[in-house]
Amino acid sequence: MELKKAVGIKAADYIENGMVVGLGTGSTAYYFVEEVGRRMKEEGLDIVGVTTSIRTKEQAERLQIPLKSVDEVEYIDMTIDGADEISDDFHGIKGGGAAHLYEKIVANNSKKIIWIVDESKMVQKLGAFPLPIEVVKYGSQQLFKRFEEKGYQPSFRKNEDDTLYLTDEQNYIIDLHLGQIDYPIELEKELDKMTGVVEHGLFLNCVDTVLIGTSEEVIVKEV
Ligand code: DER
């Protein structure tokens, strides 16, 4: 957790007065948002936040970070968010925290995207991490069967009480256990065409900067 805290705090250095900032979701982004709150309180940092989940919204409200919806701003200057896997060619898998739909909406309306990870997230090729797929409830069992037939080893995301997990949009998550993904762009095209798939966790060709927390330092990689 220390690596996540170090990279989350470092990421806040990129935030400047007057920015509209996309506030990511997850255990690493949590530390970034906390640091933004600290800088606002102690240094007078003046920004507007656009959140990527209900839980980040609640955290930002606790920190009294002024917020706007993604639809209330012309664009977002910079979004700082976590990731579950980042490949050598800087493609990402997100959605481990089931927030990838809102995260992708905010990312797609951002001028600059920074991902903050600990070194364990850096991989040669994507796929060891299950690929989250947000699906509408109606027809989700049929989609599940399609994924099974494709050999994608699907599983519904569940709560601790074994009920089906519901996203902020009240949809289901199906996680695909694909193993190494050799052709992510082709997979993205296939998933984008499947009726009932709301959004998948492939974030391809979108990140600008990656901050990697290691035991020695925070490494900055410009893509
Ligand atoms: O859901 C997401 O994409 C989040 O960014 C999350 O999965 C990042 O992981 P973390 O909690 O290890 O930062």
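Bear in mind the structure is a predicted one, so any value in this text is a computation, not a measurement.

What counts as what
Residues numbered from 1 in each chain as written. Predicted model: local features only at pLDDT ≥ 70, side-chain atom pairs only at ≥ 80, totals over all residues. Heavy atoms only, no water. UniProt positions renumbered as here; feature names shortened; annotations may be inferred. Helix = DSSP H or I, 4+ residues; strand = E, 2+ residues; numbered from the N terminus. Buried < 20%, exposed > 50% of the residue type's maximum accessible area, 1.4 Å probe, protein only. Contact = heavy atoms within 4.5 Å. Pairing = 2+ DSSP bridges. Domains from an automatic or database assignment. Buried area = accessible area lost by both parts, 1.4 Å probe. Salt bridge = Lys/Arg side-chain N within 4 Å of Asp/Glu carboxyl O.

Novice: Could you give an account of the UniProt feature "active site" (unreviewed entry) in the protein chain, with specific residues and numbers?
Specialist: This chain's UniProt record puts "active site" (unreviewed entry) on Glu 103. In this fold, Glu 103 is placed in helix 4 (residues 100-108). Overall, Glu 103 belongs to the buried group, its relative accessible area being 4%.

Novice: I'd like a description of unusual backbone geometry, backed by residues and values.
Specialist: Even without glycine at this site, Gln 64 takes up a positive phi of about 55°. By the element assignment, Gln 64 lies in the loop between helix 3 (54-62) and strand 3 (76-81). The exposure class assigned to Gln 64 is exposed, which follows from its relative accessible area of 67%. Phi is positive for Phe 90, close to 60°, though the residue is something other than glycine. Secondary-structure assignment places Phe 90 in the loop between strand 4 (85-86) and strand 5 (92-93). Among the residues examined, Phe 90 registers a relative accessible area of 18% and is labelled buried.

Novice: Account for the environment of Ala 60, with residues named and values stated.
Specialist: With respect to the secondary-structure elements, Ala 60 resides in helix 3. Spatially, the C-alpha atoms of Ala 60 and Leu 23 are 8.5 Å apart, while their sequence positions differ by 37 residues. Those residues in contact with Ala 60 that sit more than four places away from it in its chain are Leu 23, Thr 51, Ile 65 and Leu 67.

Novice: So what about the sheet that holds strand 11 (residues 202-203)? Which residues, and what values?
Specialist: In space, the 3 strands of this open sheet follow the order 4-5-11, with antiparallel pairing throughout. The sheet is open, and its two edges are formed by strand 4 and strand 11, each paired on a single side. Both strand 4 and strand 5 contribute to a ladder of 2 bridges, which runs antiparallel. Within strand 5, the position partnered with Glu 85 by the bridge is Ile 93.

Novice: I'd like a rundown of the domain arrangement of the protein chain, residues and numbers included.
Specialist: Partitioning the protein chain into domains gives domain 1 (1-123 + 204-218) and domain 2 (131-200). Here domain 1 and domain 2 have C-alpha centroids that lie 24 Å from each other. Contacts between domain 1 and domain 2 engage 16 residues on the former and 17 residues on the latter. Together domain 1 and domain 2 conceal approximately 1300 Å² of surface at their shared face, both sides included; 61% is due to carbon and sulfur atoms. Considering only the side of domain 1, the residues that lose the most area to domain 2 are His 100, Leu 101 and Leu 204, jointly responsible for 37% of the buried surface there. Applying the counting criterion to the domain 1 and domain 2 interface returns 1 salt bridge. Residue Lys 104 pairs with Glu 199 through a salt bridge whose shortest N-O separation is 2.9 Å. Counting only elements with at least two residues in the side of domain 1 that touches domain 2, the list comes to helix 3 and helix 4. Here the side of domain 1 that touches domain 2 takes 4 residues from helix 4, the largest share from any one element.

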